[in-house]
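Below, each chain spelled out in residue letters.
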Amino acid sequence: MRSPFFSGLIYIALGSTFTVFAIQQVISSDWGFFVYVLLIFATFDFGAGFRLIGLHFRIKKKNK
């Protein structure tokens, strides 16, 4: 089982990747449906990533 911290970092990396793809898409062909889809995925990934990292620190604090 992976730690919540590692999973959170993976989600944040995915969110960053989706954000970069969205920025490249806007630069090449303006705002379209695909850009909004990428940004929605990035938002969900960032939210899940930060939530998992917070969970990691709550578990770590509880175990002390």
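As shown above, the structure is provided for reference.
First, a word on scope: everything that follows refers to the structure included in this document. As the structure is a prediction and not an experimental result, all values here were calculated from the model.

What counts, and at which threshold
Residues numbered from 1 in each chain as written. Predicted model: local features only at pLDDT ≥ 70, side-chain atom pairs only at ≥ 80, totals over all residues. Heavy atoms only, no water. Helix = DSSP H or I, 4+ residues; strand = E, 2+ residues; numbered from the N terminus. Buried < 20%, exposed > 50% of the residue type's maximum accessible area, 1.4 Å probe, protein only. Expected span 1.5 Å × (residues − 1). Contact = heavy atoms within 4.5 Å. Phe/Tyr/Trp six-rings, centres within 6.5 Å; stacked < 30°, edge-to-face > 60°.

1. Remarks on unusual backbone geometry
Where the residue is not glycine, phi is negative for most of them; where a peptide bond is considered, it is trans in most cases. Backbone geometry at D30 places phi at a positive 60 degrees, although glycine is not the residue there. By secondary structure assignment, the location of D30 is in the loop between α1 (4-29) and α2 (33-63). Overall, D30 belongs to the exposed group, its relative accessible area being 51%.

2. Some points on α1
Spanning 26 residues, α1 covers 37 Å between terminal C-alpha atoms, matching the ideal 38 Å at 1.5 Å per step. Every buried residue belonging to α1 is among P4, S7, G8, I12, G15 and A22, and all of these are buried. Check the buried side of α1 and you find it contacts α2. With its phi angle positive at about 60 degrees, D30 sits one or two positions after the end of α1.

3. Things to note about α2
A rise of 1.5 Å per residue sets the reference length of α2, with its 31 residues, at 45 Å; its end C-alpha atoms lie 45 Å apart and thus fit the reference within 8%. Buried residues of α2: V35, L38, A42, D45, A48, G49 and I53, and no others. On the buried face of α2, the contacting elements are α1.

4. A look at the packing of aromatic side chains
Note on aromatic pairs: each is described by the distance of the centres and the angle between the planes. Under the counting rule described, the total for this entry stands at 4 aromatic pairs. Judged by centre distance (5.6 Å) and plane angle (35 degrees), the ring pair of W31 and Y36 falls under tilted. For Y36, a relative accessible area of 47% puts it in the partly exposed group. Note on F46 and F50: the rings are 6.3 Å apart at their centroids and 15 degrees apart in plane angle, and the pair reads as stacked. One end of the pair is F46 and the other is F50, both in helix α2 and 4 residues apart, which spans about a single turn. On the accessibility criterion, F46 (25% relative accessible area) is partly exposed.

Keep in mind these values describe shape, not function.
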